[in-house]
Amino acid sequence: HDLVAIHPYSPLEDPYSLYPHSLRNVDELCASIVRSHRETTQYRVEELQALRWKVLSREEIQVYQSKSVDEMWQHCANRLTDAVQYVVEFAKHIPGFRMLSQNDQIALLKTGSMEVVLVRMCRYFNTENNTVFFDGKFAGVEVFKSLACGDLISAVFDFAHDMCALKLTEQQIALFSALVLINTERPCLEDRSRVQRVQRSVEFGLTHILHRENQESLMHKLYQRMAVLRSLCSLHMEKLRWFSQRYPLTAHSLFPPLYKELFA
Ligand code: CLR
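As a starting point, this report considers the structure included with it. (Residues numbered from 1 in each chain as written. Predicted model: local features only at pLDDT ≥ 70, side-chain atom pairs only at ≥ 80, totals over all residues. Heavy atoms only, no water.)

Quick notes on the overall build of the protein chain
To be explicit about the condition: In this description a helix means any DSSP run of H or I spanning at least four residues, a strand means any run of E spanning at least two, and both kinds are numbered starting from the N terminus. Only protein chains enter the calculation, and the probe is 1.4 Å; a residue is then buried if its accessible area is under 20% of its type maximum, exposed if over 50%, and partly exposed in between. Contact between two residues is taken to exist if any of their heavy atoms lie within 4.5 Å; hydrogens are not considered. Using a 1.4 Å probe, accessible areas were evaluated by the Shrake-Rupley method; residue-level cover was limited to the displayed protein chains.
When its secondary structure is counted, the protein chain shows twelve helices and three strands. Seen through its principal axes, the protein chain has C-alpha atoms that stretch 60 × 40 × 25 Å. In the protein chain, which comprises 264 residues, the proportion classed as buried is 49%. Excluding contacts between residues fewer than 6 apart, the proportion of contacts in the protein chain whose partners are at least 24 apart in sequence is 79%. Accessible surface for the protein chain amounts to roughly 12900 Å². Of this, 55% is attributable to carbon and sulfur atoms.

Comments concerning the pairing of strand β2 (residues 131-134)
What counts, and what does not: Note on pairing: DSSP must find at least two bridges between two strands before they are called paired.
By the alternation rule, side chains of β2 split into Thr131 and Phe133 and Val132 and Phe134, which are all buried. Hairpin connection from strand β1 (residues 125-126) to β2: four residues lie between these consecutive antiparallel strands, with Asn130 at a positive phi of about 50°. Two elements, β2 and strand β3 (residues 137-139), share three bridges in a ladder whose sense is antiparallel. Paired with Val132 across the strands is Ala139, a residue of β3.

Some points on the state of the cysteines
Threshold: Working definition: a disulfide is two cysteine sulfur atoms within 2.5 Å of each other.
Under the defined criterion, the tally for this structure stands at zero disulfides. Of all cysteine sulfurs, the one in Cys233 lies closest to Cys188, which takes part in no disulfide; the gap is 16 Å. With a relative accessible area of 64%, Cys188 lands in the exposed category.

Side note on the sheet that holds β3
Each strand in a sheet pairs with another by means of backbone hydrogen bonds, the pair being arranged parallel or else antiparallel. Strands sit in the order β1-β2-β3 across an open sheet of three strands; the sheet is antiparallel. Both outer strands of the open sheet, β1 and β3, are each paired with one neighbouring strand and no more.

Next comes the structure, spelled out in structure tokens:
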């Protein structure tokens, strides 16, 4: 978090002071985002590679499919909330994030944390058999049948598949995740210009690493993915409203508080 220390926020300072002017600063910014990413992803890519042989058996799939709608929703909401918690940790260490007001930090996390979970999903995805690492084993779409939202699940799996095709490095995933989170277009922001300063520095960092690796063409594809992410998350919210209407008790008393706080 060196950049945070170098550039403590004061309302009088130059509005672009977070914008890294020297290459040393942009390298430090990237390094600190990558470090934060590495420290908050539960599994390393190599670990996940080594676990690929662990696929759910027919019997185990049956167990998930015979769960009731609300039981399976509760289970998935718990898994998602764990993942969101790591994203919150990640966000806190993005240089500049903690200098935003509490209101703006929450506003960014409210819409962005689920999107980052979906970006991170590509690390947990095996395109050879279209499965995702879930509860310790690799699971296909059929495992989520009892959620009764097949359209959302298949859209999420398609997204993961497309993200994998970009073959992003860990560094690129880290910077892209930060860019997804620090977005001036989110609703309910108090101080858009302060968010914009942070956004610009992250954007600069991502452009910088793509340029260094001769992969500038990825930038355009990543912006396209951001639009898909937005639609996936509104579909998730729509499903959640549908579920809460049918199972108000589960949604109200059995969902994790963080899940309710961020999405309800
Ligand atoms: C994403 C990357 C995280 C770890 C992680 C945890 C939970 C997983 C999630 C990943 C991918 C999406 C996932 C989720 C649990 C349930 C959810 C498999 C791998 C599916 C798509 C069901 C969504 C159900 C909602 C409608 C409640 O670092």
